[in-house]
Amino acid sequence: MSNRERADIANKSNADVFLRIHTDGSINKKEKGFSILTTSAKNPYISKNVYKKSLVISNEIIQKIEKNKKVEDIKGIIYRDDLSGANWSKVPGTLIELGYMTNREEDKKLADSRYLKSITNSIADGIDQYLKKK
């Protein structure tokens, strides 16, 4: 399924949030960290309203992740306007990079169900916080 098809599903369902969850990779095996990729205010493909709401979602999730003692490396929010899933979306959303599967230490954590439950609970708490403000 293409990123455009994924965005179409979110658009057609009038989703409150279009959430994409990934693991990152790098040729630098020492690279690590949790990050969120969201569009910038200059993105010509999305509305200002979608941009603003996407940024709120991203910030809410990062704030919850920062309180999670199990997540040691947090890169924060990275602005990207070249992500096709976001650029086709008519609903607010964000792309979450849980960590680097190319980093041995993070890959091991990402395979631990207790760690994943902890991190996904923090993500869900961030989304809940966003939905309360909506």
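Check the entry above for the structure.
Residues numbered from 1 in each chain as written. Predicted model: local features only at pLDDT ≥ 70, side-chain atom pairs only at ≥ 80, totals over all residues. Heavy atoms only, no water.

A.B. asks: Looking at this structure, how should I read the environment of K132?
C.D. replies: Along the chain, K132 falls in helix α5 (residues 113-133). Each C-alpha atom, one on K132 and one on N121, is 16 Å from the other, the two residues being 11 residues apart in sequence. (Helix = DSSP H or I, 4+ residues; strand = E, 2+ residues; numbered from the N terminus.)

A.B. asks: What exactly am I supposed to notice about empty space enclosed by the protein here?
C.D. replies: Applying the stated criterion across every chain, the model contains 1 cavity of 30 Å³ or more. In this structure, the largest cavity occupies an estimated 90 Å³ of space. Around the largest cavity, the lining is made up of 14 residues, and of these R20, T39, S54, A86 and G93 lie nearest the centre. Going through the elements one at a time, β1 (18-24), β2 (34-38), α2 (48-66), α3 (84-87) and β4 (93-100) are the ones with two or more residues in the lining of the largest cavity. A class-by-class count of the residues in the lining of the largest cavity yields 6 nonpolar, 7 polar and 1 charged. (1 Å grid on protein atoms, 1.4 Å probe; cavity = no way out; pocket = protein on both sides within 12 Å on 5 of 7 lines; lining within 4 Å. Points joined across faces, edges and corners; volume = space filled by probe spheres on them. Nonpolar A, V, L, I, M, F, W, Y, C, P; charged D, E, K, R; others polar.)

A.B. asks: Explain the environment of N14 to me, please; I cannot follow it from the model alone.
C.D. replies: Its location among the elements puts N14 in the loop between α1 (3-12) and β1. The spacing of N14 and V91 is 77 residues in sequence and 7.0 Å in space, taken between C-alpha atoms.

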